[in-house]
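For reference, the chains in residue letters:
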Amino acid sequence: MPKETTQEELLELVETLNHKKDINGILVQLPLPEHLDDKAVIEAISPLKDVDAFHAVNVGKIMLGEYDFLPCTPSGVMEMLHAYNIPVSGKNCVVIGRSNIVGKPMAMLLLHENGTVTICHSRTQNLAEISSSADILVAAVGKPKFVTADMVKDGAVVIDVGMDRDENGKLCGDVDFENVKEKCSYITPVPGGVGPMTISTLMKNTLKAAKIQNNL
Ligand code: NAP
């Protein structure tokens, strides 16, 4: 839709899509232009078609551990941990970042798998000390190469959610990959790590939504 689209027009479209039988998943690409209220738009999506799992109903279900959909990025991270047989139970897990779309749900999913989870944010004191205690460190800060080798424990598993640009405008993550990779046991690259997992989870959620809507 053009950026001049009004709140009313956008809500009308969401409502139309909510009722279309051949549409199984709806996601709102954020951020929206400033004159639009993203919360109201997300809340207008039918929770059964909310493949991003941002609707309050789905967020609440995730908190309770009884969910249909998981938010794509944290869910993709968990899938990677499972694929590489990396145990979470009993491990010290540190998540840097507390956004609603990454940090908070990430922490919740690690907790569901019995990790001992610490969430860090911009007001955290002694961040390097806390991150150095992590067996599993997830960086979702949005700052290029923010996590340096001295912030990482030997042998840690490092998951880099960041999608940033370095001083030369090149795509990079929140982790100083070249130096941290020497210290850790696993590390995700940027690009080619968490990003593709996010997209595949979105597809998985859409398929699940189609099945739920068709009672399959
Ligand atoms: P966001 O909403 O900007 O949140 C960033 C978080 O980092 C906030 O909680 C903030 O703390 C914290 N933070 C900022 N500066 C900090 C500091 N100096 N020390 C400790 N914590 C600090 O970002 P987001 O939407 O979660 O995204 C994070 C990154 O992941 C971005 O690079 C984004 O592009 C990327 N991303 C990638 C994917 C993917 O598919 N790969 C998906 C989503 C996002 P406060 O809460 O205190 O401000």
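Let me begin by describing the structure that accompanies this report. Just so we're clear, the structure is a prediction, and the values are computed from it rather than from any experiment.

1. Concerning the overall build of the protein
Within the protein, the regular secondary structure consists of 8 helices and 7 strands. Its C-alpha atoms give the protein a radius of gyration of 18 Å, near enough to 17 Å, the size a compact globule of 216 residues would have. When its C-alpha atoms are laid out on the principal axes, the protein stretches across 50 × 40 × 30 Å. With 216 residues in all, the protein has 41% of them scored as buried. Within the protein, contacts between residues separated by at least 24 positions form 61% of all contacts whose residues are at least 6 apart in sequence. Of the roughly 11,900 Å² of accessible surface on the protein, 55% is carried by carbon and sulfur atoms. For the protein, the centre of its 20 positive side-chain charges and the centre of its 28 negative side-chain charges are spaced 3 Å apart.

2. Quick look at the nonpolar core
Formed by 29 residues in total, the largest nonpolar core has its most connected members in L81, L110, V138, I159 and V161. The set of elements that each furnish at least two residues to this core consists of α4 (72-83), β1 (92-96), α5 (103-112), β3 (136-139), β4 (157-160) and α8 (194-213). If near-sequence neighbours (up to four positions away) are discounted, V161 is found in contact with T73, V77, V102, V138, A139, A140 and V194. In terms of nonpolar packing, the next biggest core, distinct from the first, is built from 15 residues, L127, A139, M151 and C184 among them.

3. Things to note about the environment of E79
Assignment of secondary structure puts E79 in helix α4. Distance from E79 to T198, taken between C-alpha atoms, is 10.0 Å for residues 119 residues apart in sequence. When residues no more than four places from it in sequence are discounted, the contact partners of E79 are M197 and K204. Here the side chain of E79 touches K204 through a polar contact of 3.1 Å, side chain to side chain.

4. Re the site of the ligand
Taken together, 22 residues lie near the ligand, and R98, S99, S122, D164 and T198 sit nearest. Note that an oxygen atom of the ligand is positioned 3.4 Å from one of the backbone N or O atoms of V161. Residue M163 places a main-chain N or O atom 3.0 Å away from an oxygen atom belonging to the ligand. Protein contact buries 70% of the 930 Å² of open area that the ligand shows by itself. With 3 residues, α8 is the largest single contributor of residues to the shell around the ligand. Partitioning the shell around the ligand into residue classes produces 10 nonpolar, 9 polar and 3 charged.

5. Considering the pattern of salt bridges
A complete count under the given rule lists 5 salt bridges for this structure. For K3, the salt bridge goes to E4, with nearest N and O atoms at 3.8 Å. Note that K61 is salt-bridged to D68, the shortest N-O span being 3.2 Å. Relative accessible area serves as the criterion here: at 29%, K61 is assigned to the partly exposed category. You can call D68 partly exposed: its relative accessible area is 26%.

6. Examining the packing of aromatic side chains
Scanning the entire structure with this criterion turns up 1 aromatic pair. The interplanar angle of 65° and the centroid separation of 5.8 Å between the aromatic rings of Y84 and Y186 together place this pair among those described as edge-to-face. With Y84 in the loop between α4 and β1 and Y186 in strand β7 (residues 186-187), the pair connects residues that are 102 residues apart, well separated along the chain. Of the residues examined, Y186 reaches a relative accessible area of 38% and is grouped as partly exposed.

Analysis parameters
Residues numbered from 1 in each chain as written. Predicted model: local features only at pLDDT ≥ 70, side-chain atom pairs only at ≥ 80, totals over all residues. Heavy atoms only, no water. Helix = DSSP H or I, 4+ residues; strand = E, 2+ residues; numbered from the N terminus. Rg over C-alpha atoms; globule rule 2.2 N^0.38 Å. Buried < 20%, exposed > 50% of the residue type's maximum accessible area, 1.4 Å probe, protein only. Contact = heavy atoms within 4.5 Å. Areas by Shrake-Rupley, 256 points an atom, 1.4 Å probe, with all protein chains shown as cover. Lys, Arg positive; Asp, Glu negative; His and termini not counted. Charge placed at Lys NZ, Arg CZ, Asp CG, Glu CD. Core = buried A, V, L, I, M, F, W, Y, C linked by side-chain atoms within 4.5 Å. Polar contact = N/O pair within 3.5 Å; in protein donor to acceptor, adjacent residues only side chain to side chain. Near = heavy atom within 4 Å. Nonpolar A, V, L, I, M, F, W, Y, C, P; charged D, E, K, R; others polar. Salt bridge = Lys/Arg side-chain N within 4 Å of Asp/Glu carboxyl O. Phe/Tyr/Trp six-rings, centres within 6.5 Å; stacked < 30°, edge-to-face > 60°.

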